[in-house]
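Results of the structural survey
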Amino acid sequence: MPRTQYYVAQSLDGYIAEIDGGLDWLLRYDGEAGSDVSQATEGEYDRFFAQVGAIVMGSATYEFVLAEEQDRWPYVGTPCWVLTSRELPVPDGADVRFASGPVAPVHEQLRAAAGERNVWIVGGGGLASDFADAGLLDELLLTVVPVVLGDGLPAFARRLGQRLRLTGTRAFSNGMTELRYDVVR
Ligand SMILES: NC(=O)c1ccc[n+]([C@@H]2O[C@H](COP(=O)([O-])OP(=O)(O)OC[C@H]3O[C@@H](n4cnc5c(N)ncnc54)[C@H](OP(=O)(O)O)[C@@H]3O)[C@@H](O)[C@H]2O)c1
């Protein structure tokens, strides 16, 4: 069954970005684990993304991707919905659709576009909470980076109303840990 997944990297203290949206702690992260942890992260993202048929993100995340990738769109071939109340640019080759308001109608479009593949909620935390509150989040894939930021933008903006069932953990040789949870309804 295709699923709606929130796949995100967070600091050890639960932040997905610094207060100003900065991601240096993640993008420039260079860590290691003890010798008993050998699983490499190489190819993990590609394997995850191969199962994704549609993606959705908030406008701050979208603008961060545009700036970071210098307008080279990293999700060519995958339809992307951006939640915003503003008019924003679209890079060449990107299939970007803008929407605003409640997430339930957007989710219907995402599901239709994704077909047999999954929907990826990229972030931020407000959007993740909106999908969870609407009962539309199936799975949480959390990559914990062993960095303590002390402050920042949280992985969820609000308390999660549902229980989480742990379905898997993996420790990587760079010190990151992946936690997989099903959202129990
Ligand atoms: N660590 C990770 O894996 C990870 C993953 C994702 C994001 N991030 C980072 O985390 C930060 C997230 O920023 P953020 O928390 O501000 O979140 P965001 O969800 O990317 O953007 C929030 C903005 O999106 C628009 N928006 C959201 N929902 C809407 C709706 N239903 N209708 C209309 N507009 C809506 C609003 O702005 P407007 O209406 O003004 O456009 C809102 O202020 C970014 O820096 C991003 O790069 C990190």
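Description of the structure in this document. (Residues numbered from 1 in each chain as written. Predicted model: local features only at pLDDT ≥ 70, side-chain atom pairs only at ≥ 80, totals over all residues. Heavy atoms only, no water.)

Another aspect to go through is the packing of helix H4 (residues 103-114) against helix H5 (residues 125-133). At a closest axis distance of 10 Å, the pairing of H4 and H5 adopts a crossing angle of 85 degrees. Relative to H5, the element H4 lies roughly perpendicular. Two secondary-structure elements touch here, H4 through Val103, His107 and Leu110 and H5 through Leu127, Asp130 and Phe131. (Axes fitted to C-alpha atoms, helices over the stretch in contact; angles between N-to-C directions. Helix = DSSP H or I, 4+ residues; strand = E, 2+ residues; numbered from the N terminus. Parallel < 35°, antiparallel > 145°, perpendicular 65-115°, else oblique. Contact = heavy atoms within 4.5 Å.)

Attention shifts here to the layout of surface pockets. If you add up the space inside the largest pocket, you get close to 1300 Å³. Tyr7, Val8, Ala9, Leu26 and Trp120 are, among the 48 residues lining the largest pocket, the residues nearest its centre. Per-class residue counts for the lining of the largest pocket are 24 nonpolar, 15 polar and nine charged. (1 Å grid on protein atoms, 1.4 Å probe; cavity = no way out; pocket = protein on both sides within 12 Å on 5 of 7 lines; lining within 4 Å. Points joined across faces, edges and corners; volume = space filled by probe spheres on them. Nonpolar A, V, L, I, M, F, W, Y, C, P; charged D, E, K, R; others polar.)

It is worth spelling out unusual backbone geometry at this point. Here the amide bond leading from Gly123 into Gly124 is cis, since omega sits at 0 degrees, within 30 degrees of zero. The topology assignment puts Gly124 in the loop between strand S6 (118-123) and H5.

Across all of its chains, the model carries 16 salt bridges by this definition. In this structure, Glu139 and Arg3 form a salt bridge, with 3.3 Å as the shortest nitrogen-oxygen distance. Within this pair, whereas Glu139 is found in strand S7 (residues 139-145), its partner Arg3 is found in the segment before strand S1 (4-11), the two being separated by 136 residues in sequence. With a relative accessible area of 5%, Glu139 lands in the buried category. The exposure class of Arg3 is partly exposed, given its relative accessible area of 26%. For Glu44, the salt bridge is made with Arg47, and the minimal N-O distance between the two is 3.1 Å. With Glu44 and Arg47 both in helix H2 (residues 44-50) and three residues apart, the pair spans about one turn of that helix. Looking at Glu44, the relative accessible area reads 13%, which means it is buried. Within this structure, Arg3, Glu44, Arg47, Glu139, Arg165, Arg170, Glu178, Arg180 and Asp182 form a network of salt bridges that share partners. (Salt bridge = Lys/Arg side-chain N within 4 Å of Asp/Glu carboxyl O. Buried < 20%, exposed > 50% of the residue type's maximum accessible area, 1.4 Å probe, protein only.)

Right, let's get into the site of the ligand. Of all residues adjacent to the ligand, which total 22 residues, the nearest are Ala9, Ser59, Thr61, Thr84 and Ser85. The separation between an oxygen atom of the ligand and a polar side-chain atom of Ser59 is 2.7 Å. Residue Gly124 places a main-chain N or O atom 2.9 Å away from an oxygen atom belonging to the ligand. Look at the ligand: alone it shows 930 Å² of surface, and the protein chains cover 75% of it. When atom positions are compared with the pocket grids, the ligand is found to occupy the largest pocket. Listed by contribution, the elements that provide at least two residues to the shell around the ligand are S1, strand S2 (15-17), helix H3 (59-68) and S6. Tallied by class, the residues present in the shell around the ligand amount to eleven nonpolar, ten polar and one charged. (Near = heavy atom within 4 Å. Polar contact = N/O pair within 3.5 Å; in protein donor to acceptor, adjacent residues only side chain to side chain. Areas by Shrake-Rupley, 256 points an atom, 1.4 Å probe, with all protein chains shown as cover. Sits in = over half its atoms within 2 Å of the grid points.)

Over its twelve residues, H4 extends 16 Å from the first C-alpha to the last, a length consistent with the 16 Å expected when each residue adds 1.5 Å. If you follow the buried residues of H4, they end up packed against S1, strand S3 (52-58), strand S4 (80-83), strand S5 (96-99), S6 and H5. With its phi angle positive at about 60 degrees, Gly115 sits one or two positions after the end of H4. (Expected span 1.5 Å × (residues − 1).)

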